Amino acid sequence: MRQGPRRGWLMFHLPRHERCSSLFIEKVRHIPDSDLDALSSPEARKAYNMAREVAGDSHRTLAYIRFQLFRERVLWSEAKPKHRVEDMVFSYLRKRYPHFGLVLKTQRGYFGVWPDGELIRWPVEKDMNDVLAEVAAKVPEKAVWWDDQGEGLWDTFYNSQFISSRKNLPLFYKAMPKYYLENFPGLGVECRRVENGTLDAYIEEV
Amino acid sequence: MGLHEKVRILSDAGKYDICASTSCANPPAVRPNASIGNVMPPGVCHSFTPDGRCVSLFKVLYTNACSMDCTYCTNPTCHRKESFQPKELCDAFMSLYMRNYVEGMFLSSGIARDPERTMDDILEAIELLRNKYRFGGYVHLKILPGANLDQIKRATAIADRVSINVEAPSSSLLSSIASNKEYGNDILLRQRWIKESIKKGGAPAGQTTQFVVGAAGENDREIIDRLWMEYRDMKLKRGYFSAFNPIKETPMEKEDGTPLWREHRLYQTDWLLRVYKFPRREVYGVLDDDGMLENMDPKLALARRTFDRPVDPNEADYRSLLRIPGIGPTSASRILEHRKRGGRIENIRTLKSMGAVANRARPFLMLNGWQASMERWWS
């Protein structure tokens, strides 16, 4: 039974790692299959760990970006993923929101896509409104047709889910590392809840 | 009453139900008519509460009106009874899903008078979400005790996962905390129907169940036995454990809560049964005379009983490797693969690079004829 990573999987993820040099990628290309299968050499393990960091960053970016709506056609967000995972994120988001235009601003620029369009990148200096307007123009019809309840609903729902007798902040920070709380502006509700608690919780504790 | 207030009340009432953060089917169900939503096989946790629990699904009750008398539950005694209308529920969910706050829907409910009628209301809401809102993402639906066979077929056709809570490990224990739920008929028979529906292609992520740990005074052996039977007879995907937590204004509010470590140790034991495939009789070895788990990693407790001498990873078979703390199925397979290709485990670093947790494994290993000098666990 094969247990190690496939070389193709490594070669897909490693170039997206912020600290991975082309020299190391070349080295990985020549790691013997047996070492890769068992992760039995330091290089194989290092390559595997770096690729996993990229996959994890992509996973967390998918989880923690919060969209805002523009003209009922475009979903946009800002975030700073650690690695160059924007294309990975968009390949999933397109399946999730096939009728929307999508825009993500990261430290590497604006990334956007619309139905049937290719992933486009704009320089970070560009104005957000211009990018959104450009993408919205490519979306033929309104993508929201239900009664939208707005962003505040998340605040209500999220605060209802906490069970005070199980409070466990170390576990919270393990699952939501500070890097993401600080670099993903959409996580404001979670930050406020952890830092301040709620009035109800305070009264309950008193 | 506004929709936000309904969401607040009904999601607060639903927060004690447990669902997985990574619960999607692999491969996911393909819903050709869907226009929004996708199911990602590994699942995504979109947020975590300060108690460290994942918030990946819009977890709500359809109604908190309930004619049951479960003594641990807040619904029967709650003064504010609320129910969603199907459209309200769908609008609220879509507003969260669109902004990437949640990965899917988890819908449960109190049983307002007639279980079949309440189940019909729930199904109507999810059918609306699937057919009119054309949502193709993940839905986990609770089956109510008393739902009929036709409703279970409808539920497995539209949901990715379904579940019905056993709550307690036996009929007598359940009746001590919920006198009007009949274990054999309301729970086990429905689970059998679910199993048959899944066999015919429904609910691709299978069925699960949940225990309220400690509410009925059961011991851990009873829970492990029931869980094992659920895996064998109901083809359960997995079981969940919720430590009993006394809630104000319920008949059990003055009872002691179950320590969270007990829930944690049950999850670890479940892992040994479900993932490591340890025989049930072997797992019994970690129970004390009262059938309770100690507050210790059950795999470590088992290893202390199993090994009377350190293990050489260059000689040990898969079964023995798997019983060493810090070595799981993946790292055990990597060790065997490495050996098959003529490699040897010369030092702890090699093991570490294969994914083993070196510090846990070290006291049980003999590398190059030498055993780590740290104090033996079983001495």
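As the structure is a computational prediction, the values presented were derived from the model and not from experiment. Throughout this document, residue positions are counted from 1 along each chain, in the order its sequence is written. Chain letters and ligand numbers both follow the written order, the letters beginning at A and the numbers at 1. The model is predicted, so local features are restricted to residues of pLDDT at least 70 and side-chain atom pairs to those at 80 or more, both for listing and for counting; the totals for chains, interfaces and linings are taken over all residues. With hydrogens and water excluded, all non-hydrogen atoms of the structure serve as input to the side-chain values.

## As for the overall build of chain A
Strands here mean DSSP runs of E at least two residues long; helices mean DSSP runs of H or I at least four residues long; both are numbered from the N terminus. Across its full length, chain A holds 11 helices and 5 strands. Once the C-alpha set of chain A is aligned to its principal axes, its extents read approximately 60 × 50 × 35 Å. Here chain A holds 206 residues, and the buried ones make up 50% of them. On chain A, roughly 10200 Å² of surface is accessible, and the fraction owed to carbon and sulfur atoms is 49%. Counted as positive: Lys and Arg. Counted as negative: Asp and Glu, with His and the chain ends omitted from the count. One atom stands in for each charge, and that atom is NZ of Lys, CZ of Arg, CG of Asp or CD of Glu. Across chain A, the mean location of the 32 positive side-chain charges is 5 Å away from that of the 29 negative side-chain charges. Burial classes: relative accessible area under 20% of the type maximum marks a residue as buried, over 50% as exposed, and values in between as partly exposed (1.4 Å probe, protein chains only). Using a 1.4 Å probe, the Shrake-Rupley method yields the accessible areas, and only the shown protein chains count as cover for residues.

## Regarding the sheet that holds strand S5 (residues 138-142) of chain B
All names here are of chain B. In space, the 6 strands of this open sheet follow the order S3-S4-S5-S6-S7-S8, with parallel pairing throughout. What marks the edges here is a single partner per strand, and that holds for strand S3 (57-61) and strand S8 (238-243). Across the sheet, the mean angle from the axis of one strand to that of its neighbour is 20 degrees, orientation sign disregarded. At least two DSSP bridges between two strands are needed for those strands to be called paired. Bridge analysis of strand S4 (residues 104-108) against S5 gives 4 bridges, and the strand direction is parallel. Its bridge partner lying in S5, Phe106 is registered against His140. Comment: axis = line fitted to C-alpha atoms, over the contacting stretch for helices; angle = value between 0 and 180 degrees taken between N-to-C directions.

## Describing the packing of helix H7 (residues 220-233) of chain B against helix H8 (residues 260-274) of chain B
Pairs of packed helices are described in terms of their axes, by the angle between the two and the distance that separates them. Residues and elements named next belong to chain B. Look at H7 against H8: their axes get within 11 Å of each other, and the N-to-C directions meet at 40 degrees. Judged on the interaxial angle alone, H8 and H7 are oblique. Between H7 and H8 lies a crossing whose hand is right-handed. Taking contact as the criterion, the partners of Asp220, Ile223, Ile224, Leu227, Trp228 and Tyr231 in H7 are, on H8, Arg262, Leu266, Thr269, Asp270, Leu273 and Arg274. Ten residue types, Ala, Val, Leu, Ile, Met, Phe, Trp, Tyr, Cys and Pro, are classed as nonpolar, four, Asp, Glu, Lys and Arg, as charged, and the remainder, Gly among them, as polar. Its residues assigned to classes, the contact of H7 with H8 comprises 7 nonpolar, 1 polar and 4 charged. Throughout, the term roughly parallel applies to angles under 35 degrees, roughly antiparallel to angles over 145, roughly perpendicular to angles from 65 to 115, and oblique to all others. The crossing is said to be left-handed when, going from far helix to near helix, the turn is anticlockwise and less than a right angle, and right-handed when the turn is clockwise. Contacts: residue pairs with any heavy atoms within 4.5 Å of one another.

## Observations concerning the side chain of Arg265 of chain B
Residues and elements named next belong to chain B. With respect to the helices, strands and loops of the structure, Arg265 is situated in helix H8. Salt bridge, as applied in this entry: a Lys or Arg side-chain nitrogen positioned within 4 Å of an Asp or Glu carboxyl oxygen. Buried within the structure, Arg265 lacks any salt-bridge partner; its nearest side chain of opposite charge belongs to Asp297, at an N-O separation of 5.3 Å. Engagement of the side chain of Arg265 in a polar contact is seen with the side chain of Gln268, the distance being 2.7 Å. One polar contact links Arg265 to Asn295, side chain to side chain, over a distance of 3.0 Å. Contact partners of Arg265, with chain neighbours within four places excluded, come to Leu293, Glu294, Asn295, Met296, Asp297 and Pro298. Under the rule applied, a polar contact is a pair of N or O atoms within 3.5 Å (in protein, one hydrogen donor and one hydrogen acceptor; residues adjacent in sequence only if both atoms are side-chain atoms).

## A word on a negative patch on the surface
Residue and element names in this part refer to chain B. Patch building starts from residues that exceed 30% relative accessible area and form no salt bridge, then joins like charges within 9 Å and nonpolar side chains (Val, Leu, Ile, Met, Phe, Trp, Tyr) within 5 Å. A contiguous patch of negative charge, built from Asp288, Asp289, Asp290 and Glu294, is present on the exposed surface. Considering the arrangement of structural elements, one finds Glu294 in the loop between helix H9 (280-284) and helix H10 (298-306). Glu294 gets classed as partly exposed once you look at its relative accessible area, which sits at 39%.

## Concerning helix H1 (residues 3-14) of chain B
Helix span is expected to be 1.5 Å times the residue number reduced by one. In this model H1 of chain B runs 16 Å from its N-terminal to its C-terminal C-alpha over 12 residues, within 8% of the 16 Å that 1.5 Å per residue would give. For H1 of chain B, the full list of buried residues reads Leu3, Lys6, Val7, Ile9, Leu10, Ser11, Ala13 and Gly14 of chain B. Looking at the buried residues of H1 of chain B, the elements they touch are helix H7 (152-160) of chain A together with S3 and helix H2 (86-98) of chain B.

## Section: the confidence of the model for chain B
With 94% of its residues at a pLDDT of at least 70, chain B reaches an overall mean of 90. Of the two predicted TM-score estimates for the complex, the pTM is 0.91 and the ipTM is 0.90. Values of pLDDT, which run from 0 to 100, indicate the predictor's confidence residue by residue.

## Observations concerning the nonpolar core
Here, nonpolar core refers to any group of buried Ala, Val, Leu, Ile, Met, Phe, Trp, Tyr and Cys residues whose side-chain atoms link them within 4.5 Å. Of all hydrophobic cores here, the largest spans 129 residues; its most connected members are Phe100 of chain A together with Phe58 of chain B. With 8 residues, the top contributor of residues to this core is H2 of chain B. In this view, Phe100 of chain A contacts Leu69, Arg73, Leu75, Val113, Trp114, Pro115, Val139, Ala143, Val144 and Trp146 of chain A together with Ile36 and Met98 of chain B; residues no more than four positions away in its chain are not counted. In this structure, Phe307, Met354, Ala356 and Leu367 of chain B belong to the second largest nonpolar core, which totals 21 residues.

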